[in-house]
Amino acid sequence: MLYTSTRDKSIRVTASEAIAQGISEEGGLFVPVDLPEFSVEKITSMVSMPYIDRAKTVLKEFLTDFTDEELDYCVEGAYGADKFSSPKIAPVVNIDGNKNILELWHGPTCAFKDMALQLLPYLMTVSAGKTANGKKIVILVATSGDTGKAALEGFKNVDNTKILVFYPVDGVSPMQKLQMTTQDGENVAVCAINGNFDDAQSAVKSIFTNAEIKKQLEQKNMMFSSANSINWGRLVPQIVYYFSAYCDMIDMGKIKAGEQINVVVPTGNFGNILAGYYAKRMGLPIKTLVCASNSNNVLTDFLKTGTYNKNRDFYTTTSPSMDILISSNLERLLYHISGENDSLISDLMSKLASDGKYTISQELLDKIQKIFDAGYTNEENVSLTIKEHFDNYKYLCDTHTAVAVKVYDEYVKLSGDDIPTVIDSTASPYKFSASVLKAVSGENITGDDEFEMVDELNRVTGVDIPKPLVSLKNKQVRFSDVCDKEDMSRMVFKLLDL
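On a predicted model such as this, the values are computed, not experimentally measured, just so you know. (Residues numbered from 1 in each chain as written. Predicted model: local features only at pLDDT ≥ 70, side-chain atom pairs only at ≥ 80, totals over all residues. Heavy atoms only, no water.)

**Student:** Tell me about the overall build of the chain, and please be specific about residues and values.
**Tutor:** Scanning the chain for helices and strands turns up 22 helices and 16 strands. Compactness check: the chain gives a C-alpha radius of gyration of 21 Å against a globular reference of 23 Å for 498 residues, within 12% of the reference. By the burial criterion, 60% of the 498 residues in the chain qualify as buried. The long-range fraction of contacts in the chain, counting pairs at least 24 apart against all pairs at least 6 apart in sequence, stands at 75%. A total accessible area of about 18600 Å² is found for the chain, and carbon and sulfur atoms account for 45% of it. Between the averaged position of the 50 positive side-chain charges in the chain and that of its 66 negative side-chain charges there is a distance of 1 Å. (Helix = DSSP H or I, 4+ residues; strand = E, 2+ residues; numbered from the N terminus. Rg over C-alpha atoms; globule rule 2.2 N^0.38 Å. Buried < 20%, exposed > 50% of the residue type's maximum accessible area, 1.4 Å probe, protein only. Contact = heavy atoms within 4.5 Å. Areas by Shrake-Rupley, 256 points an atom, 1.4 Å probe, with all protein chains shown as cover. Lys, Arg positive; Asp, Glu negative; His and termini not counted. Charge placed at Lys NZ, Arg CZ, Asp CG, Glu CD.)

**Student:** Before we move on, could you go through the side chain of Asp198 and cite the residues and values that matter?
**Tutor:** Mapped onto the fold, Asp198 is located in helix H9 (residues 197–208). Among buried charged residues, Asp198 stands out as having no salt bridge; its nearest opposite-charge side chain is Lys310, 7.2 Å away. A polar contact of 3.0 Å, which involves the side chain of Asp198, links it to the backbone nitrogen of Ile326. Beyond its immediate chain neighbours, meaning those up to four positions away, Asp198 contacts Phe314, Ile324, Leu325 and Ile326. (Salt bridge = Lys/Arg side-chain N within 4 Å of Asp/Glu carboxyl O. Polar contact = N/O pair within 3.5 Å; in protein donor to acceptor, adjacent residues only side chain to side chain.)

**Student:** So what about the packing of helix H13 (residues 298–305) against helix H16 (residues 362–369)? Which residues, and what values?
**Tutor:** One way to put it is that H13 packs onto H16 with a least axis distance of 8 Å and a crossing angle of 110 degrees. Relative to H16, H13 is oriented roughly perpendicular. Contacts from Phe302, Leu303, Lys304 and Thr305 of H13 reach H16 at Leu365, Ile368 and Gln369. (Axes fitted to C-alpha atoms, helices over the stretch in contact; angles between N-to-C directions. Parallel < 35°, antiparallel > 145°, perpendicular 65-115°, else oblique.)

**Student:** I'd like a rundown of the pairing of strand E9 (residues 222–226), residues and numbers included.
**Tutor:** Of all five residues in E9, five are buried; the element is thus mostly enclosed. Covered by surrounding structure in E9 are Met222, Phe224 and Ser226 together with Met223 and Ser225, the residues of both alternating faces.

**Student:** Go over helix H6 (residues 120–131), please, and point to the residues and values.
**Tutor:** Spanning twelve residues, H6 covers 16 Å between terminal C-alpha atoms, matching the ideal 16 Å at 1.5 Å per step. Among the residues of H6, those classed as buried are Leu120, Pro121, Leu123, Met124, Val126, Ser127 and Ala128. (Expected span 1.5 Å × (residues − 1).)

**Student:** Go over the sheet that holds E9, please, and point to the residues and values.
**Tutor:** Sheet strands pair by backbone hydrogen bonding; their relative direction is either parallel or antiparallel. With parallel pairing, five strands are arranged side by side in an open sheet as E9-E6-E7-E8-E16. Two strands close off the open sheet at either side, each with one partner strand: E9 and strand E16 (482–484). Averaged over all pairs of adjacent strands, the angle between strand axes in this sheet comes to 30 degrees, irrespective of strand direction. Across six bridges, the pairing between strand E6 (residues 136–142) and strand E7 (residues 161–168) is parallel. In the sheet register, Ile137 faces E7, and the bridge partner there is Thr161. Here helix H22 (residues 488–495) sits on the sheet in contact with E6, E7, strand E8 (188–194), E9 and E16, set at roughly 145 degrees to E7. (Pairing = 2+ DSSP bridges.)

**Student:** Got a sec to walk through unusual backbone geometry? Specific residues and values, please.
**Tutor:** Most peptide bonds take the trans configuration, and most residues that are not glycine carry a negative phi. Positive phi values are uncommon outside glycine, yet Glu340 reaches one of about 60 degrees. Counting through the fold element by element, Glu340 comes out in the loop between helix H14 (330–337) and helix H15 (342–355). For Asp497, which is not glycine, the phi torsion reads 60 degrees and is therefore positive. Topologically, Asp497 is positioned in the segment after H22.

**Student:** Give me helix H19 (residues 433–441): which residues, what numbers.
**Tutor:** Among the residues making up H19, those that are buried are Ser433, Val436, Leu437, Ala439 and Val440. An end-on view of H19 places all buried positions within 165 degrees of arc, on one side of the element. As for H19, its buried residues are in contact with helix H17 (379–393), helix H18 (399–415) and helix H20 (450–461). After H19 finishes, the residue Gly442 shows a positive phi value of roughly 75 degrees. (Arc of directions from axis to C-beta.)

**Student:** Lay out the nonpolar core in plain terms, naming residues and giving numbers.
**Tutor:** Grouped together as the largest cluster of nonpolar side chains are 142 residues, with contacts concentrated most on Phe166, Ile239, Phe243, Leu334, Tyr358 and Phe372. At 13 residues, helix H11 (residues 232–251) tops the list of elements feeding residues into this core. Ignoring any residue separated from it by four or fewer positions in sequence, one finds Leu334 in contact with Phe302, Ile345, Leu348, Met349, Tyr358, Ile360 and Ile368. Among the nonpolar cores identified, the runner-up in size contains 36 residues, and Met322, Ile423, Val440 and Leu469 belong to it. (Core = buried A, V, L, I, M, F, W, Y, C linked by side-chain atoms within 4.5 Å.)

**Student:** Outline the packing of helix H8 (residues 174–181) against H20, listing residues and values.
**Tutor:** Axes are the key here: two packed helices are described by the angle between their axes and the distance separating the axes. Contact geometry of H8 with H20 gives a least axis separation of 10 Å together with a crossing angle of 120 degrees. Here H8 lies oblique to H20, going by the angle between them. Crossing geometry of H8 relative to H20 is assigned as left-handed. For the pair H8 and H20, contact is made by Pro174, Met175 and Leu178 and by Glu450, Phe451 and Val454, respectively. (Left-handed = near helix turned anticlockwise from the far one by under 90°.)

**Student:** I'd like a description of the environment of Ser480, backed by residues and values.
**Tutor:** Mapped onto the elements, Ser480 comes out in the loop between helix H21 (467–470) and E16. Residue classification places Ser480 among the exposed positions, given a relative accessible area of 64%. Sequence-wise, Ser480 and Asp323 are 157 residues apart; in three dimensions their C-alpha atoms are separated by 22 Å.

**Student:** I'd like to hear about the pattern of salt bridges, residue by residue, with values.
**Tutor:** The final tally for this structure, using the stated rule, is 27 salt bridges. The closest approach of N and O atoms between Lys56 and Asp72, which form a salt bridge, is 3.1 Å. Taken together, the residues span a long stretch of sequence, with Lys56 in helix H3 (residues 51–62) and Asp72 in helix H4 (residues 68–79) at a distance of 16 residues. On the basis of relative accessible area, Lys56 is assigned to the buried category, the value being 15%. Using a relative accessible area of 29% as the deciding quantity, one classes Asp72 as partly exposed. Two residues, Lys156 and Glu153, come together in a salt bridge whose shortest N-O distance is 3.0 Å. Here the residues in one salt-bridge network are Lys149, Glu153, Lys156, Asp184 and Lys475, joined through shared partners.

Just geometry here; none of it tells us what the structure is for.
Below you can see the structure in the form of structure tokens.
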């Protein structure tokens, strides 16, 4: 299995080179040259496997320069040793008829990013051993909330790495901020920026491709890599849980092997839903991938019209991990759908950088719309959905999951397409306790003590509080730096003591 770049398809690198490097030299994203094929028989053979073995079955097709022993080390290190609160790692919960919730938040930071970021440090360590020639790897992360903590937790005290995380100062929940600013580990650093996630992400990308900065790092025997989903090592573990969910639905008697399902994903940077697209391309019987957006509905508009336009109002919502106007992983989808047209991708991304928008051809849009549907919902509906599902099913979902549930309900009403469906649940409701408590109780919630909100939500709902969040209560804040987006490169050098 070799990888190429979305902006230069003449490039060929191994999996370990793609993972260690993170992003291609010219700014493109690494994608597999070919995709493996999984027959119904092969998928059926995975039904009786635990999650770890399902992961190995899928990942070995993509990580062909890893030995079996290296793959075992990575996967068992990531998903073993009681790191996840559910023995199934990513359990499927049926809440009503054909509506099934895929809970992706049972890891150590209570968000779906753990599914990849518990594995990525192992993949990175093995990859660096093959390709980095002893260099220290500097992991540079922009986060809208969950990626930051999950990356910090995954990479803390990993030998020969340093991880720097930037987050929007007013764009994460209080719990998300606390998780990051109290992070332990000798090789970690965290800084807020005056701006939104897109500002942080754009600055990180420019730092990655800045020749002068890379030269200075080279002189110190360092190299950049990424833990954002622009890194293939972040994306490939996410393909696994779609296969696992399908196997669990067979095991639960919700579907027969070979029957189609729909998948609904609350979407910000397009990585999670793109993993579902890869699973579909590999043979998993997914009929439609439904992209669910909050009020920042740039993706919904694109999937409906073919025009991507980030020149619009930015909303700070109760689902902050989706408060994104530049969805990086869409580039990978466009590359595949366009028939690997790297010059087209370079042109579209150049227009996005210069004009903030681009439009694809009707032919490309038609191809996308055969696979994807999309919808969005507003803040009021998010709250109503949380309350309705708790009142009716005693199922408590967080704000991001509520976006997906509401968009799914509307999709079924409009299309009549109510086949068995998997809805991604991306975070514990306790990560957004104030918003969820307000929704469930119907009352105006005031107060600054996050843990009072957590305790009250527990009292009102009876839903267990995840242990990792309980343990935050008395932790000291370690990181309080704030910088302007224009100063991020200087802050990188400061945090690296260069």
